[in-house]
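Chain residues, written in single-letter form:
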Amino acid sequence: MSSSTEALADSLSEKLKAHSIHDAQDLTEAVPAPPSPLRHHVVHEGYGFRPPSGVSTPIVTASGSSTDVLIPDAHGLGWPAKDTYERLSATPEERKAREQKIAAAMRTILQSIGEDPDREGLLRTPDRYAQAIMWMTRGYEERLADVINDAVFAEDHDEMVLVRDVDISSLCEHHLVPFTGKVAIAYIPNKHVLGISKLARIAETFSRRLQVQERLTKQIAVAVQEAIKPRGVAVVMEATHLCMTMRGVQKPGAITVTSCMLGCFRDQQKTREEFLTLMKS
Ligand SMILES: [Zn+2]
């Protein structure tokens, strides 16, 4: 992790500390109340909640738990749309139809950019692309509960657990081009630990969906928080965005750092410092 990480993580967690609770309350007042059936069936056992306002990122309070006005996402699909559910439950035939629709759209794109989709090199490109984009977004077909499965263990361990340098590849939802980088995930257990490989699997599941780096970072933290209710979670991600390096401002080498600190990582500077030291060691 670069030296800029520490300062950024510090200022970010300060900001979160100052704003999180008020933001959540503001949202409660600003958005219309959800229909009453939803209100009475809010379940806290999901791995993420989408507020009825349509905001794409969950609001998390200082304690790390989501608030009541949010819509439960029991499958941990990451604030799913109607089509997310349809894709998740698609039969093989429906899946084939989905790929054909994508391929037809890709043919239109090839023509529109001034290409000949019937020339030899491009003949199978629409089909290949359809399969590739389905693969690159396969996180929509993974329920977080299945990802974590039964890898939650009762343990008396109360020292920090840190997994770092986990590679991530995702697609930016604004341009549908990749961003890639590394993520570090840490938590301090509270009677339960998560199988170590599951931290990487959680990152993988959320990164194989359309993302913005800020939300991806937060979703990973919230997922760990909700899975094992630790004393705190910290996630720091460094990534390079192709939409920045290949187009627009064209700044090759620019690295975007995002972080999300929950619980004791947000409240206790000492814990944060230990985390940053461990990340650099
Ligand atoms: Zn982008």
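Within each chain, residue numbers correspond to sequence positions counted from 1 in written order. Note on the predicted model: pLDDT of at least 70 is required for a residue's local features to be given, and 80 or more for side-chain atom pairs to be given and counted; whole-chain, interface and lining totals, by contrast, use all residues.

Within an unreviewed UniProt entry, the label attached to the chain reads GTP cyclohydrolase 1, and the organism entered is Cylindrobasidium torrendii FP15055 ss-10. UniProt positions are given in the numbering used here, feature names are shortened, and annotations may be inferred rather than shown by experiment. Here is the UniProt Sequence similarities (unreviewed entry) comment for the chain, exactly as written: "Belongs to the GTP cyclohydrolase I family." Its UniProt record gives the chain the following Function (unreviewed entry) comment, quoted word for word: "GTP cyclohydrolase 1 is the first enzyme in the biosynthetic pathway leading to folic acid."

With that settled, the discussion passes to the sheet that holds strand β9 (residues 256–263). Two modes of strand pairing occur in sheets, parallel and antiparallel, and in both the strands are linked by backbone hydrogen bonds. The sheet built from five strands is open, its strands ordered β7-β4-β5-β8-β9 with mixed pairing. Unpaired on one side and paired on the other, β7 (210–211) and β9 mark the two borders of the sheet. Pairing between strands is defined by DSSP: at least two bridges between the two strands are required. Where helices and strands are cited, they refer to DSSP runs of H or I of at least four residues and of E of at least two residues respectively, numbered from the N terminus. Bridging between strand β5 (residues 178–188) and strand β8 (residues 232–241) involves ten bridges; their strand directions are antiparallel. Following the sheet pairing, I185 is matched in β8 by V235. The contact rule is simple: place each C-beta atom from the backbone, and if two of them lie within 7 Å, those residues are in contact. The axes used here are C-alpha line fits, helices contributing only the stretch in contact, and every angle between their N-to-C directions lies in the interval 0 to 180 degrees. Those strands touched by helix α7 (residues 196–207) are β4 (161–172), β5 and β7, and its axis lies near 15° from that of β4.

Turning our attention to the packing of helix α4 (residues 92–112) against helix α5 (residues 125–136). Put simply, α4 and α5 touch, their axes get as near as 8 Å, and they point 125° apart. The pairing of α4 with α5 is recorded here as oblique in orientation. In this structure, α4 meets α5 at a crossing whose hand is right-handed. Facing α4, whose interface residues are E99, I102, A103, M106, R107 and L110, α5 presents T125, P126, D127, Y129, A130, Q131, I133 and M134. Three classes are used, and their members are as follows: Ala, Val, Leu, Ile, Met, Phe, Trp, Tyr, Cys and Pro are nonpolar, Asp, Glu, Lys and Arg are charged, and the others, Gly among them, are polar. Partitioned by chemical class, the residues of the contact of α4 with α5 number nine nonpolar, two polar and three charged. What sets the label is the angle itself: under 35 degrees gives roughly parallel, over 145 gives roughly antiparallel, 65 to 115 gives roughly perpendicular, and the rest give oblique. Helix crossings are classified by the rotation of the near helix relative to the far one: an anticlockwise turn of less than a right angle makes the crossing left-handed, while a clockwise turn makes it right-handed.

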